[in-house]
Amino acid sequence: VTVKNSRELIRRKMGAGESKQKLGERVIAARNKLEQDLKLQNERGQSLRNASPDTMQLLLDRMQASFETFTPFLERTLLVAWNADSSKCKDFMLKACKKVLTAPIKKAEYEWFNSYVLPSSVWLFETKKNRYMFEELFEIVQRQSADIVNNMDSV
């Protein structure tokens, strides 16, 4: 058995090839979902704008209320709200995330965050600062975790 053959045998036994394949499939699936979400966002946003501009504002206000009260919402509604005013959506989303991730973390709010906010494809959207929403979220997480570490160090 050569070194090359033993590496291949180990790789197959440990599932590395299968793992890479699954990761690739997840990336492709996520990319397809994002493309579908963007298309849907644009279609529904334009349709609502044409039918009733006031509805767009109402939808945006309702979405903001959901984030302020940590209540469930539909992903598609968030996408249309983003289409209506991405800057306002970004602000209320990040404000809610900061509150959820501030110690002490409340279980109900964290479960809401994990169930409704975190899985959203909005995190892959670009902001007006040529950054992605997930980068903005990551900064909040870093700041909040630094605060927790500082508090623990002071004890």
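Given the structure is predicted, the values throughout are model-derived calculations rather than measurements.

Considerations on the overall build of the protein chain
Helix and strand counts for the protein chain come out as 7 helices and 0 strands. Ordered by position from the N terminus, the helices and strands of the protein chain form the series α-α-α-α-α-α-α. Residue pairs at least 24 apart in sequence account for 62% of intrachain contacts in the protein chain once pairs closer than 6 positions are excluded. On the protein chain, roughly 10700 Å² of surface is accessible, and the fraction owed to carbon and sulfur atoms is 55%.

Re the nonpolar core
With 30 residues, the main nonpolar core has Phe67, Leu78, Met93, Trp112, Val117, Val122 and Trp123 as its most contacted residues. Those elements giving two or more residues to this core turn out to be helix 3 (53-69), helix 4 (75-84), helix 5 (86-100), helix 6 (107-117) and helix 7 (133-154). Examining the composition of this core, we find that 7 residues originate from one element, helix 5, more than from any other. Once residues lying within four places of it in the same chain are set aside, the contact partners of Phe67 are Phe73, Leu78, Phe92, Met93, Ala96, Trp112 and Val117.

A look at unusual backbone geometry
The linkage connecting Ala103 with the following residue, Pro104, adopts the cis geometry, with an omega of -5 degrees. With respect to the element layout, Pro104 can be found in the loop between helix 5 and helix 6. You will see that Phe70, though not glycine, has its phi angle at about 60 degrees, which is positive. Among the structural elements, Phe70 can be located in the loop between helix 3 and helix 4.

As for the packing of aromatic side chains
Under the counting rule described, the total for this entry stands at 9 aromatic pairs. Between Phe67 and Trp112 the ring centres are 5.4 Å apart and the planes differ by 80 degrees, which places this aromatic pair in the edge-to-face class. With a gap of 45 residues between them, Phe67 in helix 3 and Trp112 in helix 6 connect regions that are remote in the sequence. As far as the burial class goes, Phe67 and Trp112 line up, both buried. Through a chain of ring-to-ring contacts, three or more aromatic side chains come together here, namely Phe67, Phe70, Phe73, Phe92, Trp112 and Tyr116.

Reading the values: the criteria
- Residues numbered from 1 in each chain as written.
- Predicted model: local features only at pLDDT ≥ 70, side-chain atom pairs only at ≥ 80, totals over all residues.
- Heavy atoms only, no water.
- Helix = DSSP H or I, 4+ residues; strand = E, 2+ residues; numbered from the N terminus.
- Contact = heavy atoms within 4.5 Å.
- Areas by Shrake-Rupley, 256 points an atom, 1.4 Å probe, with all protein chains shown as cover.
- Core = buried A, V, L, I, M, F, W, Y, C linked by side-chain atoms within 4.5 Å.
- Buried < 20%, exposed > 50% of the residue type's maximum accessible area, 1.4 Å probe, protein only.
- Phe/Tyr/Trp six-rings, centres within 6.5 Å; stacked < 30°, edge-to-face > 60°.

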